[in-house]
Amino acid sequence: MFEQNEYFVPEVVVCADTMYAGIRILEPHLKNKIRQAGKITIGVVEGDTHDIGKNIVVMMLEAAGFEICDLGRNVPSRLFADRALETGADIIGISSLMTTTMPEMKNIIDDLRTRRVAKKPFVIVGGGPVSFAFAKSIGADGYAANAPGAVKLSLRLMKEKQGQ
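For the structure given in this document, a descriptive report is provided here. (Residues numbered from 1 in each chain as written. Predicted model: local features only at pLDDT ≥ 70, side-chain atom pairs only at ≥ 80, totals over all residues. Heavy atoms only, no water.)

With that settled, the discussion passes to the overall build of the protein chain. The helix and strand inventory of the protein chain stands at six helices and five strands. Tracing the protein chain from N to C terminus, the helices and strands come up as α-β-α-β-α-β-α-β-α-β-α. Relative to the compact-globule value of 15 Å for 164 residues, the protein chain shows a C-alpha radius of gyration of 16 Å, a close match. Here the C-alpha coordinates of the protein chain stretch approximately 50 × 40 × 25 Å along the principal axes. Taken across its 164 residues, the protein chain has 40% of its residues classed as buried. Split by element, the accessible area of the protein chain, about 9300 Å² in all, is 56% carbon and sulfur. Of the charged side chains in the protein chain, 20 are positive and 19 negative; the average position of the first set lies 9 Å away from that of the second. (Helix = DSSP H or I, 4+ residues; strand = E, 2+ residues; numbered from the N terminus. Rg over C-alpha atoms; globule rule 2.2 N^0.38 Å. Buried < 20%, exposed > 50% of the residue type's maximum accessible area, 1.4 Å probe, protein only. Areas by Shrake-Rupley, 256 points an atom, 1.4 Å probe, with all protein chains shown as cover. Lys, Arg positive; Asp, Glu negative; His and termini not counted. Charge placed at Lys NZ, Arg CZ, Asp CG, Glu CD.)

Shown next, in the form of C-alpha cells:
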C-alpha cells in the first residue's frame, strides 16, 4: 500500500508498531517450537536503520526452527563475521533497504573471506533494492526477495550443508 501511495510513513509506522505487539505475543510460543534447523546470525548493514523486514524474517526463521543471533540494525560490517564465527552460525543473513548502504554487504562478504576458518557460513542477502543479480555480483550464496523466500533458502542451504 505504501508503494501504491495509499499508505504514507505515519500509517506504516502504526502498522509496524502493531506488528511488533503481535510478535511479542507470539514469540514465547515460537521459541518453544525450535527444532534446531541451524544457526543464523542476521542484521541490517551499517548506515541503515530500517529493520521491519529483517524482524519479519527473524520471526519466520525462528518459527522454522532456526536459532537466531539478531545483531539488530546499523551493524558495523566486521561484527557480522565476528559474531557468526563466535556462535558457530551456519548462515549470515544481511539486509539493506537503502541503495546507499548496499556496498556494505560486499564488505561483509570480503571480510568473511579473509578469515582463516575451516567452515565459513553461507551468506544470504535481501532487502528492498537488493536483487539476485546484485547478490551474485558480490559473491553471496543466496538471495531472497521476501521472508518466506528467506526461510526456503535457509532450509535449502542447510540441506546442502548436511549433504557435504
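What follows covers the layout of surface pockets. Reported here for the largest pocket is a volume of approximately 1100 Å³. Along the wall of the largest pocket there are 35 residues; nearest its centre are Ile52, Gly53, Lys54, Leu97 and Gly128. Secondary-structure elements contributing two or more residues to the lining of the largest pocket are helix 1 (9-31), helix 2 (52-63), strand 3 (91-95), strand 4 (122-126) and helix 6 (147-163). If you tally residues by element for the lining of the largest pocket, the top one is helix 1, at seven residues. Class assignment of the residues belonging to the lining of the largest pocket gives a composition of 21 nonpolar, 10 polar and four charged. (1 Å grid on protein atoms, 1.4 Å probe; cavity = no way out; pocket = protein on both sides within 12 Å on 5 of 7 lines; lining within 4 Å. Points joined across faces, edges and corners; volume = space filled by probe spheres on them. Nonpolar A, V, L, I, M, F, W, Y, C, P; charged D, E, K, R; others polar.)

Taking strand neighbours across the sheet as the criterion, the five strands line up as 2-1-3-4-5 in an open arrangement whose pairing is parallel. Single-partner strands in this sheet number two, and they are strand 2 (66-75) and strand 5 (142-143). Alignment of strand 4 against strand 5, held across two bridges, turns out to be parallel. Note on strand 5: the bridge partner recorded for isoleucine 124 is glycine 142. Each of strand 1 (38-45), strand 2 and strand 3 is contacted by helix 2, which is oriented at about 170° to strand 2, the strand it contacts most. Where helix 3 (residues 77-87) meets the sheet, its contacts fall on strand 1, strand 2 and strand 3, and the angle it forms with strand 1 comes to roughly 170°. (Pairing = 2+ DSSP bridges. Contact = heavy atoms within 4.5 Å. Axes fitted to C-alpha atoms, helices over the stretch in contact; angles between N-to-C directions.)

Following the criterion strictly, the structure yields 10 salt bridges and no others. Note that arginine 78 is salt-bridged to aspartate 111, the shortest N-O span being 3.0 Å. One end of the pair, arginine 78, is in helix 3; the other, aspartate 111, is in helix 4 (residues 103-114), with 33 residues separating them in the sequence. A residue is classified by how much of its surface remains accessible, and aspartate 111, at 11% relative accessible area, is buried. Through salt bridges that share partners, Arg78, Asp82, Asp111 and Arg115 make up one connected network. (Salt bridge = Lys/Arg side-chain N within 4 Å of Asp/Glu carboxyl O.)

For helix 2, with 12 residues, the first-to-last C-alpha span of 17 Å sits near the 16 Å given by 1.5 Å per residue. Those residues of helix 2 that sit buried are Lys54, Asn55, Val57, Val58, Leu61 and Glu62. Axial view of helix 2: buried residues confined to an arc of 160°, hence all on one face. Following helix 2 by one or two positions, glycine 65 adopts a phi angle in the positive range, close to 105°. (Expected span 1.5 Å × (residues − 1). Arc of directions from axis to C-beta.)

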